[in-house]
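# Geometric and topological summary
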Amino acid sequence: MARRRSLLALPALLAAAPRAQAQPAWPDRPIAIVVGFLPGGSVDIGARLLADRMAPRLGPQARIIIENRPGAGGSLAAEYVARQPADGHLLTVSSASSHGTNPAALPDTVRYDALGDFTHLAVIGGGPMCIVVPGSSPHRSIAALVAAAKAARAPLLWGSSGSGGIGHLTGELFAHRAGFRGEYVPYRGGSAVLEAMRKAEIDFSVEVLASAMPHLRDGSSRALAVTSPGRHSLLPDVASLQEQGFAGFDIVTWNVLQGPRGIPDAVADRINRAAMEAMAEPDLRRRLAGAGIDPAEPSTPDSTREFVASELRKFQGIVRETGLRLGRG
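Residues numbered from 1 in each chain as written. Predicted model: local features only at pLDDT ≥ 70, side-chain atom pairs only at ≥ 80, totals over all residues. Heavy atoms only, no water.

## Comments concerning the overall build of the chain
Quick note on the threshold: Labels follow the DSSP assignment, with helices taken as runs of H or I lasting at least four residues and strands as runs of E lasting at least two, numbered in each case from the N terminus. Only protein chains enter the area calculation, which uses a 1.4 Å probe; residues under 20% of their type maximum are buried, those over 50% are exposed, and those in between are partly exposed. A contact between two residues is defined here by any heavy atoms of the two lying within 4.5 Å.
What the chain contains, in helices and strands, is 11 helices and 10 strands. Dimensions of the chain, computed from the C-alpha atoms along their principal axes, are close to 90 × 40 × 30 Å. Taking all 329 residues of the chain together, 54% fall into the buried category. The contacts in the chain between residues at least 6 apart in sequence include a share of 77% that link residues at least 24 apart.

## With respect to the nonpolar core
So the rule is basically this: Put simply, buried Ala, Val, Leu, Ile, Met, Phe, Trp, Tyr and Cys residues joined by side-chain atoms within 4.5 Å make one nonpolar core.
In this structure, Met-54, Phe-174, Phe-204 and Leu-257 are the most contacted members of the largest nonpolar core, which totals 85 residues. Residues within four places of Phe-204 in sequence aside, it is in contact with Ile-131, Val-132, Val-133, Leu-145, Leu-156, Leu-157, Trp-158, Gly-159, Phe-174, Phe-180 and Met-197. By size, the runner-up hydrophobic cluster in this structure holds 16 residues, among which are Val-132, Ile-202, Leu-209 and Ala-223.

## Some remarks on the confidence of the model for the chain
Short version of the rule: pLDDT gives the predictor's per-residue confidence on a scale running from 0 to 100.
Residues with a pLDDT of 70 or more make up 92% of the chain, whose mean pLDDT is 89. Within the chain, the lowest mean pLDDT, 45, falls on helix 1 (residues 2-21), and the highest, 98, falls on strand 1 (residues 31-35). Low confidence marks residues 1-23, where pLDDT is under 50. Its contacts with residues over four positions away, or in another chain, come to zero contacts.

## Brief notes about a negative patch on the surface
Put simply, the rule reads: Residues enter patches when they are more than 30% accessible in relative terms and free of salt bridges; like-charged ones are connected within 9 Å and nonpolar ones (Val, Leu, Ile, Met, Phe, Trp, Tyr) within 5 Å. For the area figures, the Shrake-Rupley method with a 1.4 Å probe applies, and any residue is considered shielded solely by the protein chains shown. Salt bridge, as used here, is a side-chain nitrogen of Lys or Arg placed within 4 Å of a carboxyl oxygen of Asp or Glu. Charged residues are defined here as Lys and Arg on the positive side and Asp and Glu on the negative side; His and the ends of the chain fall outside this count. Positions of charges follow a simple convention, taking NZ of Lys, CZ of Arg, CG of Asp or CD of Glu.
On the surface, a cluster of negative charge is contributed by Asp-265, Asp-269, Asp-302 and Glu-306. One can find Asp-302 in helix 11 (residues 301-322).

## A closer look at unusual backbone geometry
Pro-27 follows Trp-26 through a cis peptide bond whose omega is -5°. Non-glycine residue Ala-200 carries a positive phi angle of around 55°. If you trace the backbone, Ala-200 turns up in the loop between helix 7 (190-198) and strand 7 (204-208).

## Concerning the environment of Pro-155
Here Pro-155 lies in the loop between helix 5 (142-151) and strand 5 (157-160). Expressed as a C-alpha distance, the spacing of Pro-155 and Asp-294, which sit 139 residues apart in the sequence, is 34 Å. Those residues in contact with Pro-155 that lie beyond four places of it in its chain are Arg-181, Gly-182 and Glu-183.

## With respect to the packing of aromatic side chains
Here is the rule we go by: Working definition: rings of Phe, Tyr and Trp (its six-membered ring) pair if their centres are within 6.5 Å, and the pair is stacked with planes under 30 degrees apart, edge-to-face with planes over 60 apart, and tilted otherwise.
Considering all chains together, one arrives at nine aromatic pairs under this definition. With centroids separated by 4.7 Å and ring planes inclined at 55°, the aromatic side chains of Trp-158 and Tyr-184 adopt a geometry described as tilted. You can see Trp-158 sitting in strand 5 and its partner Tyr-184 sitting in strand 6 (residues 183-186), a full 26 residues away along the chain. Arranged with centres 5.6 Å apart and planes meeting at 50°, the rings of Phe-174 and Phe-246 form a pair that is tilted. Of this pair, Phe-174 sits in helix 6 (residues 166-178) while Phe-246 sits in the loop between strand 8 (221-226) and strand 9 (252-260), placing them 72 residues apart in sequence.

## A short note on helix 8 (residues 209-218)
Residue pairs spaced three or four apart in an α-helix point in one direction, given the helix's 3.6 residues per turn. The element helix 8 is extensively covered by neighbouring structure, given that seven of its 10 residues are classed as buried. Of the positions making up helix 8, those classed as buried are Leu-209, Ala-210, Ser-211, Ala-212, Met-213, His-215 and Leu-216. Those residues of helix 8 hidden inside the fold are in contact with helix 2 (42-54), strand 4 (118-134), helix 7, strand 7 and strand 8. In the segment just after helix 8, Gly-219 is the residue with positive phi, at about 85°.

## Digging into the environment of Ser-228
Just so we agree on the cut-off: We define a polar contact as two N or O atoms separated by no more than 3.5 Å, with the added condition that, inside protein, one atom must be a possible hydrogen donor and the other a possible acceptor, whereas residues neighbouring each other in sequence contribute only through side-chain atom pairs.
Examined against the element boundaries, Ser-228 turns out to sit in the loop between strand 8 and strand 9. C-alpha separation for the pair Ser-228 and Arg-217, spaced 11 residues apart in sequence, amounts to 20 Å. The residues contacting Ser-228, other than those within four sequence positions of it, are Pro-128, Ser-240, Phe-249, Asp-250, Ile-251 and Val-252. There is a polar contact of 2.8 Å between the side chain of Ser-228 and the backbone oxygen of Gly-230.

## Observations regarding the environment of Met-129
Locating Met-129 in the fold gives a position in strand 4. Judged by its relative accessible area of 1%, Met-129 is buried. Considering only alpha carbons, one finds Met-129 and Thr-227, 98 residues apart in sequence, at a separation of 5.3 Å. If we ignore the near neighbours within four places in the chain, the residues touching Met-129 are Ile-166, Gly-167, Thr-170, Val-206, Glu-207, Val-208, Ala-225, Val-226, Thr-227, Ile-251 and Thr-253.

## Things to note about the pairing of strand 7
For the record, the criterion: One bridge is not enough; two strands pair if DSSP finds at least two bridges between them.
Most of strand 7 sits inside the fold, with five of its five residues counted as buried. Examined bridge by bridge, strand 4 and strand 7 share four bridges and lie antiparallel to one another. Among the inter-strand pairings, Ile-131 is bridged to a residue of strand 7, identified as Val-206. Pairing analysis gives two bridges linking strand 5 to strand 7, with the strands arranged parallel. Bridge pairing links Trp-158 to Phe-204 in strand 7.

Written as structure tokens, this is what we have:
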């Protein structure tokens, strides 16, 4: 009887075999990595460096292209990616803004679930924010900037990459704990913020270190503090906010590789493996670090999701502390 059941099952198995063999190889076309910021910012830099080293690990003909969709602190790109097919051919390098601060500060207007609408693939890295003034600014310390903000008849103008983004929440927390109010000016990306700084259109900005570094090197901007607990190797002479009297101030930005919810496990594992192999290359780690992006330790899809969840909880706490209420900017 068992032999008869096996024989009866054989035609079905044979019929299924051609269909299995007909499954297209992945990837069978270029992979797009969507970046929610302008070219030249930290997320864009990290995405391009990673894509260059990941592509050969996904196949001899694999190509990865970068697609910039800036706006709303990365949320426009996240909304777009969340609605795309989960076949592994469209990914995104997300940021602390799109998947941490925006959902925390804009819970009623962000049109995606930062955890549930995405396949979380790998943590790339991150780094501190910088409190930055124009190179022509008279302020040469955080204390001087805070004193000027408190004494000014009109609020100081300050900017970052989009309302609800990590620069915005970091700046709001800084002003809240320093005891002054400024007037916030949102921009579409770090490069736009720092161009405004070059022209002295704003009094200070709160930007990702990787985005700020070219302008700090050429003197068009000057860093007064970093937001990590300690100093950063790229700016050893710049004290942290903690060192300058802001006890417990600890905010770093981060980049994670994600895709739409539902990418098959086998494809997700291949993407993670390619990313981890690329991230293990000393040269790539040096190039990321040189751009102000501290390379992350190895991660899995599960640990990446846990990381994003913990950071989202942290930013929700900052929103509660500052009382920040926003509409889409």
